[in-house]
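Here are the chains, one letter per residue:
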Amino acid sequence: MSDETLGASLAQSKQGGLVTRVLKRLEPTLWVLASISIFVGFWEFAWWRGWANPLLLPPPHIFLANLPDQFRFFDPGGTRAGALATGGSIFSVLGVIAWSSLRVTVGLALGFVLSLAIGIGIRYFRVFGKLVLPLVTMLAPISPVAWLPVAVFIFGIGNPPAIFLVFIAIFFIMTLATLSQIDNVPVHYIQLARIMGCSKRQIYRHVILPSILPELFVTLRMNLFAAWMAVLIAEAVGVGSGLGQVTMMARNTFNASLVFFTMTLIGLTGFAFDQILRHIQRKVLWWVGPSNVGGL
């Protein structure tokens, strides 16, 4: 084989390998686009066949047809939500999304950190556990919606009640999940640590905590959607701004196009949050294999 032929073969091999890597990276995105396309296709087909009333269930090509008209309902400062805003642009929409996302982020962070600390404290300190666990178990079944009047009474109107509701939506579940994961740590892990001379504090830090974090991140991601439900309810009633308030305004004015446009924004934002949490999960849980982290 000549040098020219060998060089051409190597070039083709490299090019083929590059295409394969690009397709592999794009594969998740292509599956997402295929899933959304099928759903939108059925919706548009139902409208075309007359099965879906465009006044009640407007398909995407209708509620996305006049975006400037939708944008004028969004006020990025959060001071005029609930009334028609003059003008409006994509930056107005991004501003409203940013406010809702900030509330969810702060509530999730507080709920995750405090639930982890309380859960470990319940198992680490015997007296603390006997005092706190019955209260956590009793409060866990209470819906976050029932906490809304309490949040408004304590924090008033604004960001704090929305953050508090997100916190409540995940705190009790994450605390009980932490206790469950601690109890499920393999006994031989702890026994081996004791044989090696580890103290109780070292066992919790170097054995129990790394063992429970992977499943806790999965639980956090599963409760992300509950957190979004909580913040939307809080925004509709106790905040006066955000995506939840725009949705409530659209419902009160029977603006179906604005309802579905806002629902689309909520869905896309929630999906982006889940992807960000998956990325954080991979970075934080560096000792876990990618196949285990990239699951659910």
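Quick summary incoming for the structure in this document. Sequence order as written defines residue numbering, which begins from 1 separately in each chain. Selection of residues for local features in this predicted model requires a pLDDT of at least 70, selection of side-chain atom pairs for listing and counting requires 80 or more, and totals for whole chains, interfaces and linings are taken over all residues. Water and hydrogen atoms play no part in the side-chain values, which are based on all heavy atoms of the structure.

Should the charged atoms of two oppositely charged side chains come close, the side chains can pair. Basic side-chain nitrogens of Lys or Arg form a salt bridge, by our definition, when they fall within 4 Å of a carboxyl oxygen of Asp or Glu. Within this structure, the stated rule accounts for three salt bridges. Among the ionic pairs, Glu235 bridges to Arg103, the shortest N-O distance being 2.8 Å. Here Glu235 is found in helix α10 (residues 224-239), whereas its partner Arg103 is found in helix α4 (residues 90-124), with 132 residues between them in sequence. Summary of the burial criterion: residues with accessible area below 20% of their type's maximum are buried, those above 50% are exposed, and those between are partly exposed, where the area comes from a 1.4 Å probe applied to protein chains only. Under the relative-accessibility criterion, Glu235 is labelled buried at 0%. By relative accessible area, Arg103 is classed as buried at 3%. Numbered from the N terminus, helices here are DSSP runs of H or I no shorter than four residues, and strands are runs of E no shorter than two.

Buried residues of nine kinds, namely Ala, Val, Leu, Ile, Met, Phe, Trp, Tyr and Cys, make up a nonpolar core once their side-chain atoms join them within 4.5 Å. Ranked by internal contacts, the top residues of the largest apolar core, which has 66 residues, are Phe74, Val104, Leu108, Leu165, Leu243 and Leu258. Any two residues having at least one pair of non-hydrogen atoms within 4.5 Å are treated as being in contact. Not counting the four nearest positions on each side in its chain, Leu108 is found in contact with Val166, Ile170, Leu220, Leu224 and Ala227.

With that settled, consider the layout of surface pockets. Taken as a whole, the largest pocket spans an internal volume of roughly 550 Å³. Every definition here rests on a 1 Å grid over the protein atoms only: cavities are sets of points where a 1.4 Å probe fits but cannot get out, pockets are open sets enclosed by protein on both sides within 12 Å along at least five of seven lines, and lining residues have some atom within 4 Å of a point. In this structure, the largest pocket is lined by 15 residues; those nearest its centre are Ile36, Phe39, Thr264, Gly267 and Leu268. At the level of secondary structure, the elements contributing two or more residues to the lining of the largest pocket comprise α1 (3-48), α2 (60-63) and α12 (256-284). Under the grouping applied here, Gly and all other residues not named as nonpolar or charged are polar, the nonpolar ones being Ala, Val, Leu, Ile, Met, Phe, Trp, Tyr, Cys and Pro and the charged ones Asp, Glu, Lys and Arg. Residue composition of the lining of the largest pocket, by class: twelve nonpolar, three polar and no charged. Annotation comment: domain bounds sourced from an automatic or database domain assignment. Split by domain, the lining of the largest pocket shows at least three residues from each of two domains, domain 1 (3-52) and domain 2 (97-292). Grid points are joined across faces, edges and corners, and a volume is the space filled by probe spheres set on the points. There is about 360 Å³ of room inside the second largest pocket.

What follows deals with the packing of helix α5 (residues 126-139) against helix α7 (residues 159-183). Lines are fitted to the C-alpha atoms to define the axes, a helix being fitted only along its stretch in contact, and any angle between axes, read from their N-to-C directions, falls within 0 to 180 degrees. Their axes nearest at 9 Å, the elements α5 and α7 cross at an angle of 130 degrees. Put simply, α5 runs oblique to α7. Handedness of the crossing formed by α5 with α7: left-handed. Contact with α5, carried on its side by Leu133, Val136, Thr137 and Leu139, involves Phe172, Thr175, Leu176 and Leu179 of α7 and no other residues of that element. Considering only residue class, the contact of α5 with α7 consists of six nonpolar, two polar and no charged. Angle categories: roughly parallel below 35 degrees, roughly antiparallel above 145, roughly perpendicular from 65 to 115, and oblique for all the rest. Helix crossings are classified by the rotation of the near helix relative to the far one: an anticlockwise turn of less than a right angle makes the crossing left-handed, while a clockwise turn makes it right-handed.

Our focus in this paragraph is α5. Multiplying 1.5 Å by the helix residue count minus one yields the expected span of that helix. Given a rise of 1.5 Å per residue, 14 residues ought to cover 20 Å, and the 20 Å separating the end C-alpha atoms of α5 matches this to within 8%. What is called the bend at a residue is the angle between a pair of axes, fitted to the seven residues leading up to and ending at it and to the seven starting from it. Roughly 30 degrees is the biggest bend found in α5, and it falls at Val132, with proline Pro134 one to four residues downstream. Along α5, the positions that sit buried rather than exposed are Gly129, Val132, Val136 and Leu139. Tucked into the core, α5 has its buried residues touching α4 and α7.

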